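# Per-entry structural report
The primary structure of each chain is shown beneath.
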Amino acid sequence: MKKSLLLTFFIISLTTNEALADLQIKGFGSIVAGSVIKGDGYIADYPNLGVYENKFDVSQETRLGLQAKAQIDDKLAATVQVMTRSANDYDPEVEWLYASYKINSDNYFQIGRMRMPV
């Protein structure tokens, strides 16, 4: 958790006072519950790998996230996303931490850590 908070603070500290007006913070999440009605169990799909048994369970695939994006100037932005999952005892993990540079109106250059859509 401390590492995630430090990374978030670092991104925000890169911005100027004017850019702080362009700071966007968004939260998201899903509460997933399930139970196996018939059979021995069920292994849910990637990325959460939940294992359900013959009892009602919300501790397998529930997750919460927070994403902050700071527009530093007209061309440069920084993004950090922290996720917490019930399957990992709600330990926060940095999923995304990257900078975006707008080359022109159609092209961006991004560097850092990103999860690609699966």
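Just so it is clear, the structure is predicted and the values come from calculations on it, not from any experiment.

Summarising the sheet, strand S1 (residues 23-30) and strand S4 (residues 63-71) pair through 8 bridges and their orientation is antiparallel. Each bridged residue has a counterpart across the sheet, and for Gly29 the counterpart in S4 is Leu64. Looking at chain direction, S4 and strand S5 (residues 76-85) are connected through 9 bridges and run antiparallel. Each residue of the ladder has a partner; that of Ala68, found in S5, is Val80. Once S4 ends, the chain turns through 4 residues before running back antiparallel as S5.

Now for the sheet that holds S4. One open sheet holds the 5 strands; their spatial order is S1-S4-S5-S6-S7, and the pairing between them is antiparallel. A single partner strand is all that each edge strand has here, and the edge strands are S1 and strand S7 (108-113). Between one strand and the next, the sheet's axes are offset by a mean angle of 15 degrees, whatever the strand orientation. Bridge count between strand S6 (residues 93-102) and S7: 6 bridges; the pairing is antiparallel.

Reading the values: rules and limits
Residues numbered from 1 in each chain as written. Predicted model: local features only at pLDDT ≥ 70, side-chain atom pairs only at ≥ 80, totals over all residues. Heavy atoms only, no water. Pairing = 2+ DSSP bridges. Helix = DSSP H or I, 4+ residues; strand = E, 2+ residues; numbered from the N terminus. Axes fitted to C-alpha atoms, helices over the stretch in contact; angles between N-to-C directions.

The quantities given are spatial measurements derived from coordinates; they are silent on function.
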